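What follows is the residue order along each chain.
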There are 2 protein chains.
Amino acid sequence: MTADREPGTSAAAGGAAGGQAWHDRLRAALAAGDAEAARQEAAGAHPADLAEFVLDLEPADRPRLIGLLPPEQAALVVEELPPEVQSEVLTVLGRERAVAVLGEMSSDEIADLIGELPPARAVDLLRLLREEEAADVRELLAYLDDTAGGLMTTEFVAVQDDLTAAEAIETLRRLAPEAETVYYVYVVDQEERLRGVLSLRELIVAPPDRRVRDIMRTNVISVPADMDQEEVARLVAKYDLLAVPVVDGEGRILGIVTVDDVVDVLEEEASEDIYRLGGTSDEEAASPSAWFRAWLRLPWLVGLLLGELIVARVIQGFHGTLERVEQLAYFIPLLAATAGNVGTQSLAVAVRGLATGEIRRREMGRALAREFRVGTLLGIALAATSYGIVRATTGSQAVAATVGVAMGLNIVIASSIGVLVPLALHRLRVDPAVASGPFVTTALDIVGTLVYFLTASLLLWRYAAG
Amino acid sequence: MTADREPGTSAAAGGAAGGQAWHDRLRAALAAGDAEAARQEAAGAHPADLAEFVLDLEPADRPRLIGLLPPEQAALVVEELPPEVQSEVLTVLGRERAVAVLGEMSSDEIADLIGELPPARAVDLLRLLREEEAADVRELLAYLDDTAGGLMTTEFVAVQDDLTAAEAIETLRRLAPEAETVYYVYVVDQEERLRGVLSLRELIVAPPDRRVRDIMRTNVISVPADMDQEEVARLVAKYDLLAVPVVDGEGRILGIVTVDDVVDVLEEEASEDIYRLGGTSDEEAASPSAWFRAWLRLPWLVGLLLGELIVARVIQGFHGTLERVEQLAYFIPLLAATAGNVGTQSLAVAVRGLATGEIRRREMGRALAREFRVGTLLGIALAATSYGIVRATTGSQAVAATVGVAMGLNIVIASSIGVLVPLALHRLRVDPAVASGPFVTTALDIVGTLVYFLTASLLLWRYAAG
């Protein structure tokens, strides 16, 4: 993204009210094939609004609108589109036009786009770029997508530490149009190693003839290029930064990760966790196709189905017990569901706690012990409740005792498993959200049913004996 | 937060490596009661790191550390603490010390803190403030916590539109120490109405004698004070802003909402959704007490327990059918769980889609229709699978047909309910995440069991007749 971190203005958003009238007028101009009118309607709109408008168009109409915008504006709009749509639009746009638009895009955006393309088309597109920009892009492509290197932009402002404040400001005047919004002014030595940092305000209020090395702040918070993007995001959020510099092994500054990209990473991560906990994948959000969405969900569901077949097997194994006391069948879902519910609560708390760093800090052992205490308290409360209700409704002491005891046991097991699984995955450096909600509830269905019938066999034998 | 949006530096974080050695030294100095050594160890640490350190201390030790820091540093650390801990610490700190720390805190932070206190203590604390700051705080307290007004800071930079660029820079030099990081320079007319905006860079590169009204951008994106904080956050994220101005009914600028607070809002919102989908409340994260956590989860669990008692009732109602074909009991959890799983998937997709605005844009009708198609595809696939497996394992055509048909119906119902409930809640302006995962799965357990036994009665009658 290039110019959109600039102070936000938009004829379309136009404050809070934000009319949709330009939408209709632009749509009409496009339908009438009136390129000039369409260009005028689009002129005042914010790129983010135009990108939304483009996404609402039929895929075939999208390149038509992009094609008639001035290249700088087209680039800003393309940068706001999802990568699949970007490559779609640029493919149809025609070589000359695509070159013009690419020329206005920032190198990190181009690298993200090229990363999505099949190799042949990627090479083709790289050839369209100016030599210098192609080199930047190739360098960015070397970093993995989900690392600081993959997230950073190479457009930042750095000045030599032996410049005076006035000279530094002069350098900014020359460099600034190339750089993204000036978040911070980084200070480097002769070998390009990061030495310090200044805000633009600090530079302005400093005496013009002071050297920047004497006014800069040292001990700059920076990240290595291979740091995971979520870790970078947490760091920026924790220290309330607007941007964080990315450095190589020798401490040379390679680029910066800016707060707006961090916002996107945090949002992506939250989406991923929510979809996973719900038992599907966040790839869903990218596709409007019902077939594709069903296809993404199916493996989970089939896996869970097989899990529930084990539950069926467990019940079948106890069919003797079930024949003796038919009433036991009524409460199978009760036991399984409550275990599942308790497990889901623990899971949600653990997954989010790990994501926000709340749990890492206070140590996992403590989180585990606390969850065990919570489970015990809940187990006692719900065992008593369900014993009372079952006793009152069935009149059977034996059935009520079975449900009560199994309930208590199940809840303690469920809350422990619910927190243990994500903590263990985290230790193994696997995303804890992989342990999706339905996965854990199905496992608990199996355990819960087993505990229920084992308790039943035991207690019924005792009641029969007593 | 005052100075922490400044370029991030920290002896503690110190780049990527970030040693923990100062942690141990600070702890030792505190244990030894060596105030001077503790102050020195703390001097280089970032306020966010110190706040983490404070949270890890025993509650009784926290005010002791805060008490020995210089007031400016103490204020920065206190601002990073959760509100409950803030008020705890300030209460114990003693009047004089508390006044010194409060004097260094920004008005929006003080307002947030006071909003958390019991009224008597709030009044007491307001009296400790300087007249001018107390007025600022009182003004901020008038806005609801979760609105733009509740989120904004009153420390921003605005210049009159008839100043020249050079005069505006001079104003900045005078005002800047009072203001948070200068994100954007807002331009106002004689009546304080927001007229335009400039980046600091644009101001610097402008010819010094040009009037700001001639170089500013107009059509500034702004928000009203009563806009919901999530809406504000979405807007800032969408337009990649660093800050957005908050205006009153006459267009006068009241304050700004900055991107770091927006990051916090987005994180809170994601946490809330994840906890809710898991069937508990995000209040959990604030408390380490197992009793409190159990107490928060209990109402959900008891409600769900009552739901599962309805399931028990349904099964009991069909006990004649169950007696005739005992094998039906084996697959009760299978049917209920699969419906629950499908419902949870739809729910996660809908809740997150509504939160990120993905669904709002493309209309709800379309989302509903798509989910229905997904449900139908999944229903067909899983009906066939479960028919095959049950047929093979039980050898009973009647049981297999019952499970297959009920499965198909349940899945279509589940995917529709899973998306319908959050969409309906959203229409009614209720947070869609209120429809927690366990709530929907329990409802689906009831419906699923009913559908299963109705199908069984019908098919068994047909098989018996045929």
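Residues numbered from 1 in each chain as written. Chains lettered and ligands numbered in written order. Predicted model: local features only at pLDDT ≥ 70, side-chain atom pairs only at ≥ 80, totals over all residues.

## Some words on the overall build of chain A
The test is simple: Helix and strand assignments come from DSSP, with helices taken as H or I runs of at least 4 residues and strands as E runs of at least 2, each series counted from the N terminus. Throughout, the radius of gyration refers to the C-alpha atoms, and the reference size of a globule is 2.2 Å times the residue count to the power 0.38. Exposure is read from a count of other C-beta atoms within 10 Å of each residue's own; the residue is exposed at 12 or fewer, buried at 20 or more and partly exposed in between. C-beta atoms are placed from the backbone. Whether two residues are in contact depends on their C-beta atoms, placed from the backbone: they are in contact if these lie within 7 Å.
What chain A contains, in helices and strands, is 23 helices and six strands. Computed over C-alpha atoms, the radius of gyration of chain A comes to 30 Å, more than 25% over the 23 Å expected from 2.2 N^0.38 for 466 residues, which places it beyond the range of a compact globule. Out of the 466 residues belonging to chain A, those deemed buried represent 52%. Contacts in chain A between residues at least 24 apart in sequence constitute 69% of all its contacts with a sequence separation of at least 6.

## What about helix 3 (residues 47-56) of chain A?
The buried fraction of helix 3 of chain A amounts to eight of the 10 residues, a majority that puts the element mostly inside the structure. Among the residues making up helix 3 of chain A, those that are buried are Pro47, Ala48, Asp49, Leu50, Ala51, Glu52, Phe53 and Val54 of chain A.

## What about the sheet that holds strand 1 (residues 158-160) of chain B?
Residue and element names in this part refer to chain B. Heads up, the condition is: Pairs of strands are assigned from DSSP output, requiring at least two bridges between the strands. Every axis corresponds to a line fitted to the C-alpha atoms, with the helix fit spanning only the stretch in contact, and the corresponding angles, defined between N-to-C directions, vary from 0 to 180 degrees.
Strand order in the open sheet formed by three strands is 1-2-3, and the pairing between neighbours is mixed. Bordering the open sheet on either side are strand 1 and strand 3 (194-198), each of which pairs with just one other strand. With direction set aside, neighbouring strand axes in the sheet form an average angle of 35°. As paired elements, strand 1 and strand 2 (residues 185-188) share three bridges and run parallel to each other. Following the sheet pairing, Val159 is matched in strand 2 by Val187.

## A few points about helix 2 (residues 35-43) of chain A
Residues and elements named next belong to chain A. Just so we agree on the cut-off: The directions considered for the arc are those from the helix axis to the C-beta atoms.
Among all positions in helix 2, only Ala38, Glu41 and Ala42 are buried. Buried residues of helix 2, viewed axially, fall in a sector of 95°; they line one side. Opposite the buried face of helix 2, at more than 90 degrees from it, the exposed residues are Glu36 and Ala43. Against the buried residues of helix 2 lie helix 1 (21-31), helix 3 and helix 4 (62-68).

## Details of the confidence of the model for chain A
All names here are of chain A. Cut-off, in case you're wondering: Confidence scores here are pLDDT values: one per residue, from the predictor, ranging 0 to 100.
Looking at chain A, the pLDDT average stands at 85 and 92% of residues meet or exceed 70. Element-level mean pLDDT values for chain A span from 70 in helix 20 (residues 358-361) up to 95 in strand 4 (residues 223-224). In the model, residues 11-18 has pLDDT below 50 throughout and makes 21 contacts with residues more than four positions away in sequence or in other chains. Confidence estimates for the predicted assembly give a pTM of 0.82 and an ipTM of 0.81.

## Digging into the domain arrangement of chain A
Condition: All domain edges in this entry derive from an automatic or database-based domain assignment.
Per the domain assignment, the segments of chain A are domain 1 (21-142), domain 2 (158-258) and domain 3 (278-465). For domain 1 of chain A versus domain 2 of chain A, the distance between C-alpha centres works out to 31 Å.

## What about unusual backbone geometry?
Peptide bonds are trans in most cases, and residues, glycine excluded, mostly fall at negative phi. Residues and elements named next belong to chain A. A positive phi is found at Glu192, a non-glycine position, where the angle reads about 70°. Position of Glu192 among the secondary structure elements: in the loop between strand 2 (185-188) and strand 3 (194-198). A positive phi angle, near 50°, is found at Asp240, a position not held by glycine. Tracing the chain through its elements places Asp240 in the loop between helix 15 (229-238) and strand 5 (243-247).

## Some points on the relation of the copies chain B and chain A
The following threshold applies: When the copies are superposed, the least-squares fit draws on C-alpha atoms of residues that have pLDDT of at least 70 in both.
You can overlay chain B on chain A at an RMSD of 0.1 Å; the transform is a turn of 180° with a shift of 0.1 Å along its axis. What we have between these two chains is a two-fold relation. Taken as a fraction of all interface residues of chain B, those also at the interface in chain A reach 100%, which identifies the copy contact as same-surface.

## Some details on the interface of chain B and chain A
Going by this rule: Residues are grouped as follows: Ala, Val, Leu, Ile, Met, Phe, Trp, Tyr, Cys and Pro are nonpolar; Asp, Glu, Lys and Arg are charged; all remaining types, including Gly, are polar.
Opposite the 120 residues of chain B that make contact, chain A presents 120 residues. When residues of the side of chain B that touches chain A are assigned to their parent elements, the largest contribution, 17 residues, is made by helix 19 (residues 332-356) of chain B. Across the side of chain B that touches chain A, the residue classes break down as 68 nonpolar, 28 polar and 24 charged.

## Examining the packing of helix 16 (residues 259-277) of chain A against helix 19 (residues 332-356) of chain A
All names here are of chain A. The condition that has to hold: Orientation labels follow simple angle bins: below 35 degrees gives roughly parallel, above 145 gives roughly antiparallel, 65 to 115 gives roughly perpendicular, and whatever is left gives oblique. Handedness of a crossing follows from how the near helix is turned relative to the far one, being left-handed for an anticlockwise turn of less than a right angle and right-handed for a clockwise one.
Where helix 16 meets helix 19, the axes come as close as 12 Å, and the angle between the chain directions of the two elements is 160°. When the axis of helix 16 is compared with that of helix 19, the two are roughly antiparallel. The two elements helix 16 and helix 19 meet at a crossing, and its hand is right-handed. Only Ala348, Val351 and Ala355 of helix 19 make contact with helix 16, whose side of the interface consists of Glu269, Asp273 and Leu277. Here the residues of the contact of helix 16 with helix 19 sort into four nonpolar, no polar and two charged.

## Points about the pairing of strand 3 of chain A
All names here are of chain A. Where burial is concerned, most of strand 3 is hidden: five out of the five residues are buried. Two elements, strand 2 and strand 3, share four bridges in a ladder whose sense is antiparallel. In the strand pairing of strand 3, Tyr186 is matched with Val197. Linking strand 2 back to strand 3 in an antiparallel pair, the connection comprises five residues, with Glu192 at a positive phi of about 70°.

## Quick word on the sheet that holds strand 4 (residues 223-224) of chain B
All names here are of chain B. Strand order in the open sheet formed by three strands is 4-5-6, with mixed pairing between adjacent strands. At either end of the open sheet lies a strand with only one pairing partner, and these are strand 4 and strand 6 (253-258). The pairing of strand 5 (residues 243-247) with strand 6 spans five bridges and is classified as antiparallel. Along strand 6, the bridge assignment pairs Val246 with Gly255. With respect to the sheet, helix 15 (residues 229-238) is in contact with strand 4, strand 5 and strand 6, its orientation differing from that of strand 5 by roughly 135°.

## A closer look at the nonpolar core
To keep it simple, the criterion reads: By definition, a nonpolar core groups buried Ala, Val, Leu, Ile, Met, Phe, Trp, Tyr and Cys residues that are joined through C-beta atoms within 7 Å.
Core analysis: the biggest nonpolar cluster contains 297 residues, and Val236 and Val257 of chain A together with Val236 and Val257 of chain B have the highest contact counts within it. With near-sequence residues (within four places) excluded, Val257 of chain A lies in contact with Ala148, Leu151, Met152, Val232, Val236, Ala243, Val244, Val246 and Val262 of chain A.

## Considering the packing of helix 19 of chain A against helix 19 of chain B
Two elements in contact, helix 19 of chain A and helix 19 of chain B, have axes separated by 10 Å at closest approach and are oriented at 40°. Taken together, the axis directions place helix 19 of chain A and helix 19 of chain B in an arrangement best described as oblique. In the packing of helix 19 of chain A onto helix 19 of chain B, the handedness of the crossing is right-handed. Contacts between helix 19 of chain A and helix 19 of chain B involve Ile332, Pro333 and Ala336 of chain A on the former and, on the latter, Ile332, Pro333 and Ala336 of chain B. Broken down by class, the residue content of the contact of helix 19 of chain A with helix 19 of chain B amounts to six nonpolar, no polar and no charged.

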